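A structural walkthrough
Single-letter residue listing:
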Amino acid sequence: MTTYVITVPGTFLTDVDDGTRSELAGRLASHHTDLSENEDVELLTVHEGGTFSVRLEVEAPDRATAEGNAVRVVTGALAELGLSQKEAPLGPSSVTGVDGDS
(Lines give C-alpha, C1' and ligand atoms only; values in the text may rest on other atoms or scores of the structure.)
Protein backbone atom coordinates (compact mmCIF):
# COMPACT_ATOMS: atom_id res chain seq x y z
CA MET A 1 0.00 0.00 0.00
CA THR A 2 1.04 3.55 -0.68
CA THR A 3 0.09 6.63 1.32
CA TYR A 4 -1.23 9.46 -0.82
CA VAL A 5 -1.98 13.05 0.14
CA ILE A 6 -5.16 13.94 -1.74
CA THR A 7 -6.49 17.47 -2.12
CA VAL A 8 -10.26 17.75 -2.42
CA PRO A 9 -11.51 21.25 -3.28
CA GLY A 10 -15.04 22.47 -2.69
CA THR A 11 -17.26 25.45 -2.08
CA PHE A 12 -19.57 26.20 0.82
CA LEU A 13 -22.70 27.63 -0.81
CA THR A 14 -24.30 28.28 2.58
CA ASP A 15 -22.90 30.13 5.58
CA VAL A 16 -20.65 27.82 7.58
CA ASP A 17 -19.55 29.19 10.93
CA ASP A 18 -16.20 28.66 12.63
CA GLY A 19 -17.65 25.99 14.91
CA THR A 20 -18.81 23.90 11.94
CA ARG A 21 -15.45 24.32 10.23
CA SER A 22 -13.68 23.23 13.40
CA GLU A 23 -15.98 20.21 13.73
CA LEU A 24 -15.29 19.27 10.09
CA ALA A 25 -11.54 19.44 10.71
CA GLY A 26 -12.00 17.29 13.81
CA ARG A 27 -13.90 14.64 11.86
CA LEU A 28 -11.13 14.54 9.26
CA ALA A 29 -8.19 14.69 11.68
CA SER A 30 -7.52 10.94 11.61
CA HIS A 31 -6.54 11.34 7.94
CA HIS A 32 -3.94 14.00 8.72
CA THR A 33 -0.89 12.26 10.15
CA ASP A 34 2.90 12.20 9.93
CA LEU A 35 3.29 12.69 6.17
CA SER A 36 1.02 15.76 6.14
CA GLU A 37 2.47 17.17 9.33
CA ASN A 38 6.07 16.67 8.16
CA GLU A 39 5.26 18.47 4.91
CA ASP A 40 3.44 21.23 6.86
CA VAL A 41 0.20 20.58 4.96
CA GLU A 42 -2.96 22.19 6.33
CA LEU A 43 -5.90 19.79 6.75
CA LEU A 44 -8.63 22.34 5.95
CA THR A 45 -8.16 25.72 4.31
CA VAL A 46 -11.15 28.01 3.79
CA HIS A 47 -10.84 31.03 1.51
CA GLU A 48 -13.02 34.09 0.99
CA GLY A 49 -16.09 33.32 -1.04
CA GLY A 50 -16.55 29.97 0.68
CA THR A 51 -14.08 27.96 -1.37
CA PHE A 52 -12.13 25.38 0.59
CA SER A 53 -9.51 22.68 0.23
CA VAL A 54 -9.21 19.52 2.29
CA ARG A 55 -5.94 17.60 2.26
CA LEU A 56 -6.16 14.01 3.47
CA GLU A 57 -3.80 11.08 3.71
CA VAL A 58 -5.23 7.90 2.28
CA GLU A 59 -3.63 4.47 1.98
CA ALA A 60 -4.50 2.78 -1.28
CA PRO A 61 -3.01 0.53 -3.95
CA ASP A 62 -3.22 3.26 -6.62
CA ARG A 63 -3.99 6.94 -7.23
CA ALA A 64 -7.52 6.47 -8.52
CA THR A 65 -8.54 4.44 -5.47
CA ALA A 66 -6.90 6.99 -3.16
CA GLU A 67 -8.75 9.88 -4.79
CA GLY A 68 -12.08 8.04 -4.62
CA ASN A 69 -11.57 7.15 -0.97
CA ALA A 70 -10.66 10.74 -0.07
CA VAL A 71 -13.78 12.10 -1.76
CA ARG A 72 -15.92 9.56 0.13
CA VAL A 73 -14.34 10.60 3.44
CA VAL A 74 -14.94 14.31 2.80
CA THR A 75 -18.48 13.75 1.50
CA GLY A 76 -19.27 11.63 4.56
CA ALA A 77 -17.89 14.19 7.00
CA LEU A 78 -19.87 16.98 5.34
CA ALA A 79 -23.04 14.87 5.41
CA GLU A 80 -22.54 14.15 9.13
CA LEU A 81 -22.56 17.92 9.66
CA GLY A 82 -25.78 18.25 7.67
CA LEU A 83 -24.17 19.66 4.52
CA SER A 84 -25.40 18.12 1.28
CA GLN A 85 -23.58 18.05 -2.06
CA LYS A 86 -25.78 20.98 -3.13
CA GLU A 87 -24.67 23.01 -0.11
CA ALA A 88 -20.99 22.06 -0.35
CA PRO A 89 -20.19 20.72 -3.83
CA LEU A 90 -16.75 19.21 -4.34
CA GLY A 91 -14.42 19.72 -7.27
CA PRO A 92 -12.07 17.17 -8.82
CA SER A 93 -9.59 15.69 -6.37
CA SER A 94 -5.89 15.44 -7.07
CA VAL A 95 -2.82 13.72 -5.68
CA THR A 96 -0.54 16.27 -4.05
CA GLY A 97 1.86 13.94 -2.25
CA VAL A 98 3.01 10.31 -2.22
CA ASP A 99 4.86 8.23 0.34
CA GLY A 100 5.69 4.87 -1.18
CA ASP A 101 7.42 3.55 1.95
CA SER A 102 4.18 2.61 3.75
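Residues numbered from 1 in each chain as written. Predicted model: local features only at pLDDT ≥ 70, side-chain atom pairs only at ≥ 80, totals over all residues. Heavy atoms only, no water.

1. A few points about the nonpolar core
Ile-6, Phe-12, Leu-56 and Leu-78 are the most contacted members of the largest nonpolar core, which has 23 residues in total. Secondary-structure elements contributing two or more residues to this core are strand S1 (2-11), helix H1 (18-28), strand S3 (51-60) and helix H3 (63-80). If we skip the residues at most four places from it in the chain, Ile-6 touches Val-54, Arg-55, Leu-56, Val-58, Ala-66, Glu-67, Ala-70, Ser-93, Ser-94, Val-95 and Thr-96. (Core = buried A, V, L, I, M, F, W, Y, C linked by side-chain atoms within 4.5 Å. Buried < 20%, exposed > 50% of the residue type's maximum accessible area, 1.4 Å probe, protein only. Helix = DSSP H or I, 4+ residues; strand = E, 2+ residues; numbered from the N terminus. Contact = heavy atoms within 4.5 Å.)

2. Concerning H3
With 18 residues, H3 extends 26 Å from end C-alpha to end C-alpha; this agrees with the ideal 26 Å at 1.5 Å per step. In this structure, the buried side of H3 is in contact with S1, H1 and S3. Here H3 starts with a cap whose side-chain oxygen sits 3.3 Å from the backbone nitrogen of Ala-64, and that cap is Asp-62. Positioned one or two residues after H3, Gly-82 has a phi angle of 85°, which is positive. (Expected span 1.5 Å × (residues − 1). Polar contact = N/O pair within 3.5 Å; in protein donor to acceptor, adjacent residues only side chain to side chain.)

3. Examining the environment of Arg-63
Summarising the element assignment, Arg-63 is placed in helix H3. When its relative accessible area of 46% is taken as the criterion, Arg-63 is described as partly exposed. Counting along the chain gives 58 residues from Arg-63 to Val-5, while the straight-line C-alpha distance between them is 9.8 Å. If near-sequence neighbours (up to four positions away) are discounted, Arg-63 is found in contact with Tyr-4, Val-95 and Val-98.

4. Some words on the pairing of S3
For S3, the buried fraction is high: eight of the 10 residues fall into the buried class. Looking at chain direction, S1 and S3 are connected through 10 bridges and run antiparallel. Paired with Val-5 across the bridge in S3 is Glu-57. Here strand S2 (residues 44-46) folds back onto S3, and the loop between the two strands holds four residues, one of which, Gly-49, carries a positive phi near 85°. (Pairing = 2+ DSSP bridges.)

5. What to know about the pairing of S1
Among the 10 residues of S1, eight are classified as buried, and the element is accordingly described as predominantly covered. Sheet topology note: the S1/strand S4 (residues 94-99) ladder contains five bridges and is antiparallel. Of the residues in S4, the one forming a bridge with Thr-7 is Ser-94.

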